[in-house]
Amino acid sequence: MTTTTTVSYICKTCGVQYAESAGPPERCIICDDERQYIGWQGQQWTTLDEMRAGGYKNDVRELEPNLTGIGTQPWFAIGQRALLVQTPQGNVLWDCISYLDDDTVERVKALGGVQAIAFSHPHFYGTMVEWAHAFGGATIYIPKADQQWVTRPDPAVQLWEDKVELFPGVTLIQCGGHFEGSAVLHWAAGADGRGALLTGDTIAVAQDRRYVTFMWSYPNVIPLNPSAVRRIVDAVRPYPFDRIYGGWWHAVVAQGANEAVERSAERYIGRIQG
Ligand SMILES: [Zn+2]
Ligand SMILES: [Zn+2]
């Protein structure tokens, strides 16, 4: 009798985990897509066990009351940090990372755990199923338009479109652009009640942190057209917000974010229209 051990492999370039298989998948559909790229050393895979043995750890840092960032050290794959929004009715993990260990689970449980997981876009799906299972079956919200990018299907996945209020004052808004299902999370209580948007790559914070940008591909530098940019801005305009949290520790527009989105869209459209 022979037994086959199956493992859930993680792509080393995008950090997204695949369904269990006996050997590494042939290719990563996320990295094979025009918006990403295959690592310069060719397609490479790892596993959570290998990462745990390799000395990775997660930083868990409070960013403002009821908002905590979770990011992996040393840098792994795209290097985004996840955000945990805490509310009295339940917590949302916004965007996901690949690395997860017992220490992280304990620290996040002390903050109330995770009841819902939602994303700006598929590049940040990470090991979402591991996270959902670690926190007692949190619901994973995937936009209907992006379901083909789910590489590890699971009963925890629930499809959505347009907008969903996950908990009072925490709303998922589909904006499109980078991906058809690209979304932001509006957190009404953020920034001392002035409102915050959690945006990942849907509305990316520029290096000067006074402007934002909108791209179809960031690594391959492919812009969006004017109507796609307008659609993003129109989707968020009804929601009050003063601060934007992008996908990385430094990617924050601390104040005046609403005006920053409007003037950034105007500048961008002006540039691409010539
Ligand atoms: Zn990949
Ligand atoms: Zn992306």
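Residue numbering note: each chain is counted from 1, following its sequence as written. Working convention: letters from A go to chains and numbers from 1 go to ligands, in the order in which they are written. Confidence filtering applies because this is a predicted model: local features only for residues at pLDDT of at least 70, side-chain atom pairs given and counted only at 80 or more, and all residues used for totals across whole chains, interfaces and linings. Only hydrogens and water are set aside; all other atoms, that is, all heavy atoms of the structure, feed into the side-chain values.

(A) Region of the structure containing the environment of V229. Note that V229 resides in helix α5 (residues 226-236). The sequence separation of V229 and V85 amounts to 144 residues, and the corresponding C-alpha distance is 27 Å. Only heavy atoms enter the contact rule, under which two residues are in contact if any of them lie within 4.5 Å. Excluding anything up to four places from it in sequence, V229 contacts F214, L224, A265, Y268 and I269. Think of it this way: any DSSP run of H or I at least four residues long counts as a helix, any run of E at least two long counts as a strand, and we number them from the N terminus.

(B) Examining the coordination of the zinc ion (ligand 1) more closely. Each metal site lists N, O and S donors within 2.8 Å (3.2 Å for Na, K and Ca). With water left out of the atoms, a site can look as if it is missing ligands. Around the zinc ion (ligand 1), the protein supplies C11 (SG), C14 (SG), C28 (SG) and C31 (SG) as donor atoms, at distances of 2.2 to 2.4 Å. On the primary sequence, the residues serving as donors to the zinc ion (ligand 1) are separated as C-x2-C-x13-C-x2-C. Pair noted here: C14 is in the loop between β1 (10-11) and α1 (29-32) and C28 is in the loop between β1 and α1, with a separation of 14 residues, a long-range link. Neither C14 nor C28 differs from the other in exposure class; each is buried. Partly exposed residues are those whose accessible area sits between 20% and 50% of the maximum for their type, while under 20% is buried and over 50% is exposed, using a 1.4 Å probe and protein chains only.

(C) Geometry of the sheet that holds strand β12 (residues 183-187). With respect to topology, six strands assemble into an open sheet ordered β10-β11-β12-β13-β18-β19, the strand pairing being mixed. Both edges of this open sheet fall to β10 (163-167) and β19 (252-253), since each of them pairs with a single strand only. With four bridges connecting them, strand β13 (residues 196-200) and strand β18 (residues 243-246) associate as parallel partners. Pairing of G200 across the sheet is with G246, part of β18. Two strands make a pair as long as DSSP finds a minimum of two bridges between them.

(D) Representation of the environment of Q89 in the model. Following the sequence through the fold, Q89 ends up in the loop between β5 (82-87) and β6 (90-94). In sequence terms Q89 and R152 are 63 residues apart; their C-alpha atoms lie 28 Å from each other. If near-sequence neighbours (up to four positions away) are discounted, Q89 is found in contact with F167 and P168.

(E) Molecular detail of the pairing of strand β8 (residues 139-143). The buried fraction of β8 is high, at four of five residues. Sheet topology note: the strand β7 (residues 116-118)/β8 ladder contains two bridges and is parallel. Bridge pairing links I117 to I140 in β8. Following the chain from β7 across helix α4 (residues 128-134) to the adjacent parallel β8, one finds a crossover that is right-handed. Throughout, right-handed denotes a crossover for which the path from the first strand over the helix to the second runs clockwise when the strands point away from the viewer.

(F) Fine view of the coordination of the zinc ion (ligand 2). Only H121 (NE2), H123 (ND1), H178 (NE2) and D201 (OD) from the protein coordinate the zinc ion (ligand 2), and they sit 2.2 to 2.6 Å from it. Its four donor atoms give the zinc ion (ligand 2) angles of 91 to 157° at the centre, a pattern that matches the irregular case. We note that the donor set of the zinc ion (ligand 2) lies within a single chain, spaced as H-x1-H-x54-H-x22-D. Of this pair, H121 sits in the loop between β7 and α4 while H178 is found in the loop between β11 (170-174) and β12, placing the two residues 57 residues apart along the sequence. Just to be clear on the cut-offs, tetrahedral is four donors with all angles between 85 and 135 degrees, square planar is four donors and octahedral six with opposite donors over 155 degrees apart and all others between 65 and 115, and anything else goes down as irregular.

(G) Local environment of unusual backbone geometry. A cis amide bond links Q73 with the next residue in sequence, P74, at an omega value of -10°. The topology assignment puts P74 in the loop between β4 (67-73) and β5. In this structure, V221 takes a positive phi of about 50° despite not being glycine. By secondary structure assignment, the location of V221 is in the loop between β16 (215-217) and β17 (222-223). With relative accessibility at 58%, the residue V221 sits in the exposed group.

(H) Fine view of the packing of aromatic side chains. Centres within 6.5 Å are what make two rings of Phe, Tyr or Trp a pair, Trp counting through its six-membered ring; a difference in plane orientation under 30 degrees is then read as stacked, over 60 as edge-to-face, and the rest as tilted. Evaluated as defined, the whole model comprises eight aromatic pairs. Summarising the aromatic geometry, the rings of Y18 and W45 are spaced 5.3 Å apart at their centres and angled 90° between planes, so their arrangement reads as edge-to-face. In this pair, Y18 is assigned in the loop between β1 and α1 and W45 in strand β2 (residues 45-46), connecting sequence segments 27 residues apart. With a relative accessible area of 14%, W45 lands in the buried category. Pairing F214 with Y268 gives two aromatic rings, centres 5.8 Å apart and planes at 90°, and the pair type is edge-to-face. In this pair, F214 is assigned in the loop between β15 (212-213) and β16 and Y268 in helix α6 (residues 257-273), connecting sequence segments 54 residues apart. The burial state of F214 is the same as that of Y268; both residues are buried. Three or more aromatic residues joined by ring pairs make a cluster, and in this case those are Y56, F76 and Y99. Charges are assigned to positions over rings by a cutoff of 6 Å between ring centre and Lys NZ or Arg CZ, combined with an angular limit of 35 degrees from the ring normal. Sitting over the face of the ring of W249, R61 holds its NZ or CZ atom 3.9 Å from the ring centroid. The ring of Y211 carries the charged tip of R267 above its face, separated from the ring centre by 3.7 Å.

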